[in-house]
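Residues per chain, in single letters:
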Amino acid sequence: MRIMLCDDSALFRHGVALLLQTVGVEVAGQAGNLAELHELLATDVPDAVILDIRMPPTFTDEGLAGAADLRAAHPGLGLLVLSTYAESAYARQLLEIGPSGVGYLLKDRVDDAATVRDALSRVIAGESVIDSEIVSRLFTRRTAVSGLDSLTEREQSVLTLMAEGRSNVAISRRLHLGVKTVETHIAAIFGKLGLEPGADDNRRVLAVLTWVQSGG
Amino acid sequence: MRTTAIILATLAYGLWAVWPTYAYDAPKATLLLVGQVALAATGALFLAESRLIGVLFVAAAWAELTAELVNRAWGWYPFVAAVARPVPALVLMTILLSYPRERIGYPRFVAAAWALILIGNAADNLTWDPDPPGQPAAPFAWVTVFSSGAEQRPGYGLYWLSVIAVVLAALALVVHRALRSRGLERRELAPVFLASAVYGFALISTSVWMVMPWITGAGDPMERAHVPDVVSISQVAAPLLIPLAFLAAAVSRGLDRARVADLVTGLARPATLESVRQALRDALADPDLDLVLGEAPQRSNRLVLPVTGRAHVLTAPELRRRDDVVRAALEAAALALDHARLHADLQEQVRQVAESRARIVEAGVAERRRVERDLHDGAQQRLLTLAATLGRLQATSDDPAVRELVDEARSGLRAALSELRDLARGIHPAVLEQIGLAAAVRGVAEALPVETEIDIPPVSVSPAVETTAYFVICEALTNAIKHARARRITIALAAHENVITVTVADDGTGGAVLAPRGGLAGLQDRVAALGGSLTVQSPADGGTLLRADLPAAPSEPAGSP
């Protein structure tokens, strides 16, 4: 697995690079801003890039706009955005740039190499990644406000994993179920929630997030 | 009291003096009596304002009545009457040339006129015997030179010619005064000048009629049958115009004071130097009046009066006499100017305070933004790097004791990062600039275990207003959850012309107050610093409505050229 890093903090970049190397991820290049990243990508396209959101020149949401540009320039490139903020609005914006292969992870996750590595391999595999904190926060609220009583416990677990961006195969592995069983659960969930059944890509994640965010 | 006494005495003397006249000309006698009593009354009333004029008026009335003794009986009376005959006219002339001064006007001319007329009249009367044949002789007649009719006596003709000359000269002086008078004085004296002219022409017409037989040598003018009505009536009526004219002058003075009162109330607020100058010109009837700021200017031909320490009025010197009106007008002007200055000062101060407050607020926002950036770029990145280092340690160490310690360190670090993030967000919510108020509020709300309804349309406001609105909403949400245990919260923002109104309503327990050191009180200060207001309605039986009105000055478009 080859990746590149784009973050304006050299210290953090370096720390993440060392972390990833310990779990066998090759860091093929580091950039302090998007322009540098584009230069690196001109000669060498890795499997994925890790992007900071808040970068020069405006220090607002360069990373999100940059992700859209990168997706357009290199459609096969996995995009993992690391953010200081657990903002669902950012996550949604990211999901909207393409049908698959994007991830939104809190920077805090760098204290666990496996989580970051897992997220990278998922975006490279074309899955979506939504930080579990954002998802659990949304589910907590939804549960408190209007409840998820219509769903069985198993269905709730499946729904949460769907919201985190996991594919049917990933969910089946995670819950130790057969893929067919997972698909049955998903069909049941979509039926109960009144959602259109769709492919297991970003659109499904968006639909689930929208449903979780609504209702109160 | 004095007035009544003078009027009653004049009435008594007049009744006695004109009594014989009633026998052959009752209307003339009545007119004469009424006229002279009126004249004396005018004099009595004038005593308070001007002793000289008052005394002269009463003297004129008594002299006129004395002159009427000519019809009483033979003996001393006709002589006294004959001597007194020109006195009323001389007195009235003196009044008309003097008023409104407290001394005799044109004193040399007046003295000469009195001497000429009195001596001429006396000489004519003393040099002929007025007694018709068969009547007792007069008790005097030093030298009876002439016993013939008026048309043949040289003194008679010379006397009436000198009367004409004096009256013409007096009229010329009146015209001179009228032309020279200015402003208030001209306005006040206009009726007096007019009455002077009418009276003068009445005297001249009478004199001409009297002197004509002497010039042509045909008939005695005292033959009453030949006296034309115009002469007879003007002789009696013209002097009556004079008290009326003085009454009109008194009314005019009263109106002057009323005009000053208008000046006080009529000035546009706030007054300007120009409006006060024009108001003073109107009130003091001096179109050349000037109102200047600064040191007192030196103009010899103008009366310079201080209005306030910093302003002076230049006006006609005649106004010195109308001290009451002028002082009132100047005080009104001073008040208006002071008011205008205070108003301008106050407006300037308010503007400065508002600007300074806006600068302080903006500086505060900028400072908070800088601190938040420092936290994000500094401490936060270092702690995150530390997290990555712990991640490496955890991934590389197989020692369970180490892994346990790393886990402990990681959870502590996560808590530290979370607290740091909250701290940074409390100092300056950077997400506002990134995703806007509505999304930022939604982000806060979705972390809360309650139903929220959010209606925040996109608005263009300054960063300070947007940040304050955000903090107000966050604080209200925290209170609603923590203290009021609300189940449902409605957050709305409405943009009006100059104000955006933020409301947060919950269905919690109510009874919330703006405690002096509570979170809301701090926000109240921030809202007030922007020129807005924050109110809380929280009845004890449940529900809280927090409302912030913030000025909606549109923000400068970022990055515009």
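Because the structure is predicted, anything quoted here is derived from the model rather than measured.

### Structural notes on the interface of chain A and chain B
No. 1: Counting from both sides, the interface comprises 34 residues of chain A and, opposite them, 37 residues of chain B.
No. 2: Together, the buried faces of chain A and chain B total about 3200 Å²; carbon and sulfur atoms form 55% of this surface.
No. 3: For the pair chain A and chain B, the number of links is 5 salt bridges.
No. 4: The residue glutamate 372 of chain B makes a salt bridge to arginine 54 of chain A at a minimum N-O spacing of 2.7 Å.

### Observations regarding the sheet that holds strand S5 (residues 102-106) of chain A
Residues and elements named next belong to chain A.
No. 1: The 6 strands lie next to each other as S2-S1-S3-S4-S5-S6, forming an open sheet whose pairing is parallel. Each edge of the open sheet carries a strand with a single partner, namely strand S2 (26-31) and strand S6 (129-130).
No. 2: Sheet topology places S5 next to S6; 2 bridges connect them, and they run parallel. By the bridge assignment for S6, tyrosine 104 is matched with isoleucine 130.

### A short note on the sheet that holds strand S3 (residues 311-315) of chain B
All names here are of chain B.
No. 1: One open sheet holds the 3 strands; their spatial order is S1-S3-S2, and the pairing between them is antiparallel. The open sheet is flanked by strand S1 (290-293) and strand S2 (303-308), the only strands paired with a single partner. Shown here is a sheet whose adjacent strand axes are inclined to one another by a mean of 25°, direction ignored.
No. 2: Judged from the 4 bridges that link them, S1 and S3 form a sheet pairing that is antiparallel. Bridge pairing in S3 places valine 292 opposite histidine 312.
No. 3: With respect to the sheet, helix H10 (residues 273-283) is in contact with S1 and S3, its orientation differing from that of S1 by roughly 150°.

### Comments concerning the pairing of strand S6 (residues 499-506) of chain B
Residue and element names in this part refer to chain B.
No. 1: Bridge count for strand S5 (residues 488-495) against S6 is 7 bridges, and the pairing is antiparallel. Across the sheet, leucine 493 pairs through a bridge with valine 502, a residue of S6.
No. 2: Connecting the antiparallel pair S5 and S6 is a turn made up of 3 residues.
No. 3: As paired elements, S6 and strand S8 (residues 544-551) share 8 bridges and run antiparallel to each other. Within S8, the position partnered with threonine 503 by the bridge is arginine 547.

### Notes on the packing of helix H11 (residues 323-396) of chain B against helix H12 (residues 400-427) of chain B
Residues and elements named next belong to chain B.
No. 1: Two elements in contact, H11 and H12, have axes separated by 10 Å at closest approach and are oriented at 165°. Comparing their axes, H12 and H11 come out roughly antiparallel. Once H11 is placed against H12, the crossing between them reads as left-handed.
No. 2: Each residue belonging to the contact of H11 with H12 can be placed in one class, and the counts come to 18 nonpolar, 3 polar and 6 charged.

### Focus on the domain arrangement of chain B
No. 1: Looking at the assigned domains, one finds that chain B contains domain 1 (2-257), domain 2 (271-360) and domain 3 (432-561).
No. 2: One C-alpha centre belongs to domain 2 of chain B, the other to domain 3 of chain B, and the line joining them spans 50 Å.

### A few points about the nonpolar core
No. 1: Counting 94 residues, the largest nonpolar core has Leu37, Val49, Leu51 and Tyr104 of chain A together with Tyr470 of chain B as the members making the most contacts within it.
No. 2: By residue number, the principal contributor to this core is helix H14 (residues 463-482) of chain B, which donates 11 residues.
No. 3: Within the second largest apolar cluster, 52 residues are counted, among which are Ala44, Leu47, Ala195 and Ala202 of chain B.

What counts and how
Residues numbered from 1 in each chain as written. Chains lettered and ligands numbered in written order. Predicted model: local features only at pLDDT ≥ 70, side-chain atom pairs only at ≥ 80, totals over all residues. Heavy atoms only, no water. Contact = heavy atoms within 4.5 Å. Buried area = accessible area lost by both parts, 1.4 Å probe. Salt bridge = Lys/Arg side-chain N within 4 Å of Asp/Glu carboxyl O. Pairing = 2+ DSSP bridges. Helix = DSSP H or I, 4+ residues; strand = E, 2+ residues; numbered from the N terminus. Axes fitted to C-alpha atoms, helices over the stretch in contact; angles between N-to-C directions. Parallel < 35°, antiparallel > 145°, perpendicular 65-115°, else oblique. Left-handed = near helix turned anticlockwise from the far one by under 90°. Nonpolar A, V, L, I, M, F, W, Y, C, P; charged D, E, K, R; others polar. Domains from an automatic or database assignment. Core = buried A, V, L, I, M, F, W, Y, C linked by side-chain atoms within 4.5 Å. Buried < 20%, exposed > 50% of the residue type's maximum accessible area, 1.4 Å probe, protein only.

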